[in-house]
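The chain contents come next:
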Amino acid sequence: MDGLFALGSNGSGQLGLGHKEDVFVPKQVDFSHPPHNDPITQVAAGGNHTILVTASGKAYWSGDYTNGSCGVVQDEGRQAIRPVFRPFLSTTANPPPVTYVTCTWDTAIVVVGDENGRATRIHSYGPAEGVGKTPGPIPEFPPLGTTVSSLAAGLKHVVVVLDNGDVYGWGNGKKGQLGQLEDGNASGIVTEPRKIDDVPFKVAKVVCCQYTTCLIAEPGDGRILVLGADKWRLKSQAPIEVPSWKMMTASWGGIYILKRDGTLVAWGRDDHGQLPPPGLPEVSQIAAGSEHVIALTEAGDVLAWGWGEHGNCGPHTEGNFGDVRGRWNVLASLKNLPEGSSITAIGAGCATSWINILADGVFL
């Protein structure tokens, strides 16, 4: 049976633990309707809300729903005393499975399949800058004949990659994170999905920092283009290419690329120890939160480093800001789990950390 564990910032109940206190060690999250035999595969977190997606495409929410970022919240959820994960309800009856989800600070962007299971429908929830002023589907996007292949969001902008390699974005583009905007757009707000031109390669994946967008070509090519603010030298320090990339993630101030050999290429902000510490063991998965990083090693350890003031990097930190700098904490380890267990997914949000554990016949 599967179990999702969380730690970190919880002032709005975004960890789904039944209370609103920060947590410094992993605790199992609670569901109003548990997803039996349907493990969590995706975690998307905004400033004070979290959206989970299971292997079958079911979505759940916990945290601050008052701005509409958690979908259609029924009276049961509004009147609930205990903050736990509840089914994410859309504006359409019998919603299809969710394929991708991402969050800005106060929105949720959800991609669902069409009648053929293709990722061709995008819904926006919450007070988005631009599209999504009313909750529900984004009209006439993506273009006919294309599907969504990658999705990411920064503080106030969203970027989508299509299966043909084209890239579109919307939201706040003041820093150039949505490419060169039209003359006369003094506000920098893009109000509908707009194609980002002048990308010199077919894009395979996108990640977003707070005010920056990073695009990468297919593995084997691996060319990189960074758009937006160069704070923390996110543009000027970017490598030209990482052909052997396996995964890519981003914090608000850093970009992290996991290579096939289990090593990391990273650049950006490091004032709280956000960049990879020396001596890091071989990594199989990686996830970046706002200013911290979670990594799953090939040996089955879940490591955390960076800014951990709210407990998201575990209890052992330094200084007034709870830094884990130049080293890592171990949040979970297969060595301490029942035989037959596996760690199937990790996630990171705004000072939150997530670990999904699958135990052979044991409910954790």
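Structure shown above.
To keep things clear, this report deals only with the structure shown in the data block.

Definitions and cut-offs
Residues numbered from 1 in each chain as written. Predicted model: local features only at pLDDT ≥ 70, side-chain atom pairs only at ≥ 80, totals over all residues. Heavy atoms only, no water. Helix = DSSP H or I, 4+ residues; strand = E, 2+ residues; numbered from the N terminus. Rg over C-alpha atoms; globule rule 2.2 N^0.38 Å. Buried < 20%, exposed > 50% of the residue type's maximum accessible area, 1.4 Å probe, protein only. Contact = heavy atoms within 4.5 Å. Core = buried A, V, L, I, M, F, W, Y, C linked by side-chain atoms within 4.5 Å. Pairing = 2+ DSSP bridges. Axes fitted to C-alpha atoms, helices over the stretch in contact; angles between N-to-C directions. Polar contact = N/O pair within 3.5 Å; in protein donor to acceptor, adjacent residues only side chain to side chain. Salt bridge = Lys/Arg side-chain N within 4 Å of Asp/Glu carboxyl O.

1. Examining the overall build of the protein chain
Argument step 1. Summing up its helical and strand segments, the protein chain has 1 helix and 26 strands in all.
Argument step 2. Relative to the compact-globule value of 21 Å for 364 residues, the protein chain shows a C-alpha radius of gyration of 19 Å, a close match.
Argument step 3. Across its three principal axes, the protein chain shows a C-alpha extent of roughly 55 × 50 × 40 Å.
Argument step 4. A buried classification covers 56% of the 364 residues belonging to the protein chain.
Argument step 5. Of the contacts formed within the protein chain by residues at least 6 apart in sequence, a portion of 49% connects residues at least 24 apart.

2. Regarding the nonpolar core
Argument step 1. In this structure, V29 and V302 are the most contacted members of the largest nonpolar core, which totals 38 residues.
Argument step 2. For this core, the secondary structure elements donating two or more residues are strand 1 (2–8), strand 19 (254–259), strand 21 (283–288), strand 22 (292–297), strand 23 (301–307), strand 24 (323–333), strand 25 (342–348) and strand 26 (352–358).
Argument step 3. Every residue in contact with V302, bar those within four places of it in the chain, is listed here: I294, A295, L296, N329, V330, L331, A332, I343, I346 and I355.
Argument step 4. Counting residues in each nonpolar core, the second largest holds 29 residues, with V111, V158, V160 and W170 among its members.

3. Some words on the sheet that holds strand 22
Argument step 1. Judged by pairing direction, the sheet is antiparallel, and its 4 strands sit side by side in the order 21-22-23-24 without closing on themselves. Only two strands of the sheet have a single partner each, and these edge strands are strand 21 and strand 24. Recorded for the sheet is a direction-independent mean angle of 20 degrees between the axes of neighbouring strands.
Argument step 2. One ladder, built from 6 bridges, connects strand 23 with strand 24; its direction is antiparallel. Considered in strand 24, the bridge of G306 is made with V324.

4. What about the sheet that holds strand 17 (residues 224–228)?
Argument step 1. Pairing within the open sheet is antiparallel, and its 3 strands lie in the order 15-16-17. Edge positions in the open sheet fall to strand 15 (203–208) and strand 17, since each of these has one partner strand only. Neighbouring strand axes in the sheet, compared pairwise and without regard to direction, differ in orientation by 20 degrees on average.

5. Regarding the pairing of strand 13 (residues 167–172)
Argument step 1. Buried residues dominate strand 13, accounting for 6 of its 6 residues.
Argument step 2. Pairing geometry for strand 12 (residues 157–162) and strand 13, over 5 bridges, is antiparallel. Bridge pairing in strand 13 places V159 opposite G169.
Argument step 3. Once strand 12 ends, the chain turns through 4 residues before running back antiparallel as strand 13, passing G165 with a positive phi of about 90 degrees.

6. Comments concerning the environment of H157
Argument step 1. Take H157: it is sitting in strand 12.
Argument step 2. Here T213 takes part through its side chain, which lies 3.0 Å from a polar atom of the side chain of H157.

7. Quick look at the pattern of salt bridges
Argument step 1. In this structure the tally under the stated criterion is 12 salt bridges.
Argument step 2. Between D30 and R82 there is a salt bridge, with its nearest N and O atoms 3.1 Å apart. Placement of D30 in the loop between strand 2 (23–28) and strand 3 (40–45) and of R82 in the loop between helix 1 (75–79) and strand 6 (86–87) is noted, with a sequence separation of 52 residues between them.
Argument step 3. Overall, D30 belongs to the partly exposed group, its relative accessible area being 27%.
Argument step 4. By relative accessible area, R82 is classed as partly exposed at 43%.
Argument step 5. The salt bridge partner of D114 is R118, with a shortest N-O separation of 3.7 Å.
Argument step 6. Taking the relative accessible area as the measure of exposure, R118 reaches 36% and is therefore partly exposed.
Argument step 7. Overlapping salt bridges, with partners in common, bring together R269, D271 and E291 in one network.

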